[in-house]
Amino acid sequence: MTTNRIRMRHLRCFLAVAQHGTVTGAANALATVQPSVSRSIREFEDEMGMVLFDRTPTGLSLNAAGKTLFAYVANGMSQLDRGVEALQQRMSEKRVTAYVLPNVVRVVMPGAVRRFKELHPEVDLRFLPNTGGGLQQYLARGDVDFGFGRLLAAKHMEGMHFEHLFSEPLCFFVREGHPLATSKSLTIQDIDRHEVILPNAETIIREEIDRFIIAEGISRFSNLIETISFEFARAYLAQSNAIVFQPLGAMRRELHDGSVVRLDFARGELEGSVGITTPAGRQLSSPAQLLIASIREEVRDQLHNETDIPKTK
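Presented here is an overview of the structure given in this document. (Residues numbered from 1 in each chain as written. Predicted model: local features only at pLDDT ≥ 70, side-chain atom pairs only at ≥ 80, totals over all residues. Heavy atoms only, no water.)

Looking only at helices and strands, the protein chain features 12 helices and 11 strands. Against the compact-globule benchmark of 20 Å for 313 residues, the protein chain has a radius of gyration of 30 Å, which places it well outside the compact range. Seen along its three principal axes, the alpha-carbon backbone of the protein chain occupies a region of about 100 × 35 × 30 Å. The proportion of buried residues among the 313 residues of the protein chain is 47%. Contacts in the protein chain between residues at least 24 apart in sequence constitute 76% of all its contacts with a sequence separation of at least 6. Counting every atom, the protein chain has about 16000 Å² of accessible surface; 50% of that belongs to carbon and sulfur. Across the protein chain, the mean location of the 36 positive side-chain charges is 5 Å away from that of the 37 negative side-chain charges. (Helix = DSSP H or I, 4+ residues; strand = E, 2+ residues; numbered from the N terminus. Rg over C-alpha atoms; globule rule 2.2 N^0.38 Å. Buried < 20%, exposed > 50% of the residue type's maximum accessible area, 1.4 Å probe, protein only. Contact = heavy atoms within 4.5 Å. Areas by Shrake-Rupley, 256 points an atom, 1.4 Å probe, with all protein chains shown as cover. Lys, Arg positive; Asp, Glu negative; His and termini not counted. Charge placed at Lys NZ, Arg CZ, Asp CG, Glu CD.)

Following this line, the structure appears as structure tokens:
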């Protein structure tokens, strides 16, 4: 006996005939025609390699083999129907809200959203603007379904779950033609001679750079601009000798087109984990789970193709 050619219609027709006792009753219940039901029953019995019904003048009744099979099929189909109902109810939540940081919103999210929307065009997606921090508060209040970006500091991870997807360095960038663009083995003092653009205080990566520069021997940069606006940082970089500190992904497009240069400074020293942060113990909606699955697929493809994001550790 083989079951690789058994179809859902075979199982549905088998259950309907068993429950109604006639092909006519089963056809009415399934909103189809009698010949279709009869053909499905014949095919099903052929695939099973045995007769499942006793044919009588008044209809069809399960024989011993049919009764044995009916108990399993009826239970399995009932579970399947309940699962579909549950999924449909959860998919009725027509919006997913995510907190997505600039390094991944430019590199990973376009492909992930395209994958998601091809399957679920009816679900609205909302990406909360990066306001400079507070992911844990958004998650705790239920304002967002999940966060996608760098791992939060340990003090903010209580009650949170993090799924690592890849590792990414934090880098110092300048415009093409900047006085430091071709310099090697730069020091923190070389950086401090120029304007430096950093994310605002209390952001994830600001905490990382603050710890780093203290370890390098200075308490703060002398000429500082603080902003979470990537658009400002990019535009200001193009018309000044400023240095901007960003995750590699946030500037990868500009690196590709040659408009910015990554400085030879702190390479390999400011690398962090990037992934999905969710509230521990909270069940995500099906659309949110499906969007996260699309993000995982996009990351896997980019890593495999060695395109836009660094290799995982």
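Attention shifts here to the nonpolar core. By size, the foremost hydrophobic cluster in this structure holds 24 residues, and its most contacted members are Val108, Phe146, Phe148 and Ile295. Breaking this core down by element, the ones donating at least two residues are β3 (95-100), α5 (102-107), α6 (109-119), β5 (146-150), β6 (160-175), β11 (271-279) and α12 (286-305). Beyond its immediate sequence surroundings of up to four residues, Ile295 is in contact with Val108, Met109, Ala112, Phe146, Phe148, Leu165 and Ile276. Judged by nonpolar contacts, the second largest core, of 22 residues, contains Ile191, Leu198, Ile205 and Ile218. (Core = buried A, V, L, I, M, F, W, Y, C linked by side-chain atoms within 4.5 Å.)

Turning to α6, a few remarks are in order. Among the residues of α6, those classed as buried are Met109, Gly111, Ala112, Val113, Arg115 and Phe116. Considering only its buried residues, α6 is in contact with β3, α5, β4 (124-128), β5 and α12.

With that settled, the discussion passes to the pattern of salt bridges. Think of it this way: side chains of opposite charge can pair up when their charged atoms draw near. Applying the stated criterion across every chain, the model contains 17 salt bridges. A salt bridge links Glu168 to Arg150, with the shortest nitrogen-to-oxygen separation between them at 4.0 Å. Of this pair, Glu168 sits in strand β6 while Arg150 sits in strand β5, and the two are 18 residues apart along the sequence. Like Arg150, Glu168 is buried. Here Glu163 makes a salt bridge to Arg296, at a shortest N to O gap of 2.7 Å. Residue Glu163 is found in strand β6, and its partner Arg296 is found in helix α12; the two are separated by 133 residues along the sequence. What emerges from the salt-bridge pattern is a single network uniting Arg106, Glu231, Arg234 and Glu254. (Salt bridge = Lys/Arg side-chain N within 4 Å of Asp/Glu carboxyl O.)

Closest axis-to-axis distance for the helix α1 (residues 8-20)/helix α3 (residues 34-48) pair is 9 Å, and the angle between their directions is 105 degrees. Judged by the angle between their axes, α1 and α3 are roughly perpendicular. Residue-level contacts link Arg9, His10, Leu11, Cys13, Phe14 and Val17 of α1 to Val37, Ser40, Ile41, Glu43 and Phe44 of α3. Its residues assigned to classes, the contact of α1 with α3 comprises seven nonpolar, two polar and two charged. (Axes fitted to C-alpha atoms, helices over the stretch in contact; angles between N-to-C directions. Parallel < 35°, antiparallel > 145°, perpendicular 65-115°, else oblique. Nonpolar A, V, L, I, M, F, W, Y, C, P; charged D, E, K, R; others polar.)

Okay, the packing of helix α2 (residues 23-30) against α3 next. Running from N to C, α2 and α3 cross one another at 110 degrees; their axes reach a closest spacing of 8 Å. In terms of axis orientation, α2 runs roughly perpendicular to α3. From α2, Val23, Thr24, Ala26, Ala27 and Leu30 reach across to α3, where they touch Gln34, Val37 and Ser38. Taken together, the residues of the contact of α2 with α3 sort by class into five nonpolar, three polar and no charged.

On to the pairing of strand β1 (residues 53-56), then. Pairing between β1 and strand β2 (residues 59-62): four bridges, direction antiparallel. Bridged to Arg55 within β2 is Leu60. Where β1 folds back on β2, the antiparallel hairpin that results is connected by two residues. (Pairing = 2+ DSSP bridges.)

Now for the environment of Phe127. With respect to the helices and strands, the residue Phe127 is situated in strand β4. Judged by relative accessible area, Phe127 falls into the partly exposed class, the value being 32%. Taking the C-alpha atoms as reference points, Phe127 and Thr277, separated by 150 residues in sequence, lie 14 Å from one another. Look past the residues within four positions of Phe127 in its chain and what remains in contact with it is Ala98, Val100, Met109 and Val113.

What follows is about the pairing of β5. The buried fraction of β5 is high, at five of five residues. Relative to β5, β3 runs parallel, the two sharing three bridges. Of the residues in β5, the one forming a bridge with Ala98 is Phe146. Relative to β11, β5 is paired through four bridges, and the arrangement is antiparallel. Note on β11: the bridge partner recorded for Phe148 is Ile276.

Another point: the environment of Asn223. Here Asn223 is to be found in the loop between α9 (204-216) and β8 (224-226). Sequence separation between Asn223 and Ala288 is 65 residues; the distance between their C-alpha atoms is 42 Å. Every residue in contact with Asn223, bar those within four places of it in the chain, is listed here: His194, Glu195 and Val196.

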